[in-house]
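Residues per chain, in single letters:
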Amino acid sequence: MSKGHAWVLGATGQIGRAAVRSLVGDGWAVTAASRGGGRDERWDAEVRTAALDRDEDGALAAALGDGCDVLVDMVAYGAQHARQLTDLADRIGSAVVVSSGAVYEDDRGRSFDTQGEPDGSPCYPVPIPESQPTVPPGEDTYGARKIRLERDLLAAGDTLPVTLLRAGAVHGPYCRSPRELYFVKRALDGRTRRVLAYEGRSRFHPVHAANIAELIRLAALRPGSRVLNAADPQAPTVAEIGEAVDAVLGRETETVLMPGAASPEGVGLSPWGAPHPIVYDMTAAERELGYRPVTGYAESLPETVEWITGQLAGRDWTDAYPAMVRSYGRGLFDYAAEDAWLERYDRTV
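Residues numbered from 1 in each chain as written. Predicted model: local features only at pLDDT ≥ 70, side-chain atom pairs only at ≥ 80, totals over all residues. Heavy atoms only, no water.

Moving on: the environment of Q132. Tracing the sequence through the fold places Q132 in the loop between strand 5 (92-100) and helix 4 (142-155). In the structure, Q132 is positioned 29 residues away from V103 in sequence and 9.6 Å away in space, judged by C-alpha atoms. Leaving out residues up to four positions away in the same chain, Q132 has contacts with Y104, E105, D106, D107, Y124 and P125. Only 2.9 Å separates the side chain of Q132 from the backbone oxygen of E105, close enough to count as a polar contact. (Helix = DSSP H or I, 4+ residues; strand = E, 2+ residues; numbered from the N terminus. Contact = heavy atoms within 4.5 Å. Polar contact = N/O pair within 3.5 Å; in protein donor to acceptor, adjacent residues only side chain to side chain.)

Let us now look at the environment of P322. Structurally, P322 can be placed in helix 11 (residues 322-328). Placed 283 residues apart in sequence, P322 and R39 show a C-alpha to C-alpha distance of 23 Å.

Another point: the packing of helix 5 (residues 181-188) against helix 9 (residues 297-312). How two helices pack is summed up by the angle between their axes together with the distance between the axes. Between helix 5 and helix 9, the least distance of the axes is 10 Å, while the angle of their chain directions is 60 degrees. By the angle class used here, helix 5 and helix 9 are oblique. Between helix 5 and helix 9 the crossing geometry is right-handed. Contacts from L181, V184 and L188 in helix 5 reach V305, I308, T309 and L312 in helix 9. In terms of residue class, the contact of helix 5 with helix 9 is made up of six nonpolar, one polar and no charged. (Axes fitted to C-alpha atoms, helices over the stretch in contact; angles between N-to-C directions. Parallel < 35°, antiparallel > 145°, perpendicular 65-115°, else oblique. Left-handed = near helix turned anticlockwise from the far one by under 90°. Nonpolar A, V, L, I, M, F, W, Y, C, P; charged D, E, K, R; others polar.)

Any link to function would need more than the numbers given here.
Right under this line is the structure:
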């Protein structure tokens with residue numbers, strides 16, 4: 001017997017694909033909605049698909065029809081999308097909405113939004129609980145839009161129970177900006193040395209898409225208004241991640257540890273690079289939902305590496321991963337600058 005009807009917005013994205021499979025496996029009838037209306041080849045044949053541009057006036061209301069028992073939203077940002085959901089509260093039994101750990105700020109008001117400023121890197125408690133202060137709500141930055149979304153949805157808790165999942169660094173197949181590319185591409189290019197800033201100790205807590213899907217599955221079964229972190233059982237250092245990627249690819253790479261920040265040319269910079277650890281507390285999810293992760297970082301890594309290498313085959317990395325270019329620039333693989341730095345380094349040791 002079906003547990004009910006689940007609607008998934010952003011179903012063909014990285015998390016959405018896993019969430020649809022998880023919900024179907026748990027006995028839900030699922031409608032998978034996305035801009036293109038496509039489907040994942042691994043979905044059950046009974047999964048219904050819908051082509052939907054949620055930002056088109058009235059489109060979500062029309063597509064939703066008589067409503068659903070739970071609506072899962074991967075792609076909600078800001079006040080507009082919060083209002084869109086609350087306006088449909090009479091047709092939605094409960095909601096599960098993916099937010100972000102980027103909403104947190106430290107006791108000096110520093111956050112992900114301030115990292116480009118002098119002394120702008122946040123220093124969070126380890127691990128970060130959901131009670132940690134958050135950035136002011138707004139529409140100007142990613143974190144501000146996510147916290148605006150959160151607050152507006154929680155304010156409607158009497159009419160729309162919503163679970164908000166503050167995700168860490170999402171990884172796994174179908175990622176548009178996989179941080180693991182930093183190590184995979186270097187290995188494929190035959191690089192035998194790598195330089196890591198902050199002595200390779202940076203930690204940016206990852207979360208596999210399958211673990212977020214498990215949190216979604218559990219929240220769908222236990223409607224309520226709450227905010228929960230979403231993270232893997234481990235938070236490896238960037239040096240440990242590099243070693244894990246090497247192990248998957250059967251490579252050996254010498255790691256050169258840079259004592260401080262990356263060089264002005266970006267040598268030592270990685271997608272995990274931060275002077276202070278970012279680790280999320282998962283106690284609340286365990287207590288409130290009975291959450292247990294379905295995978296960990298190391299055991300899920302081979303599938304991720306296979307996906308990345310497949311996307312790179314026959315293509316320049318900038319064509320395969322344009323989102324990485326927008327986030328980190330083309331200098332992420334500036335081997336000339338790296339070799340020049342290593343030459344200077346070798347003369348001093």
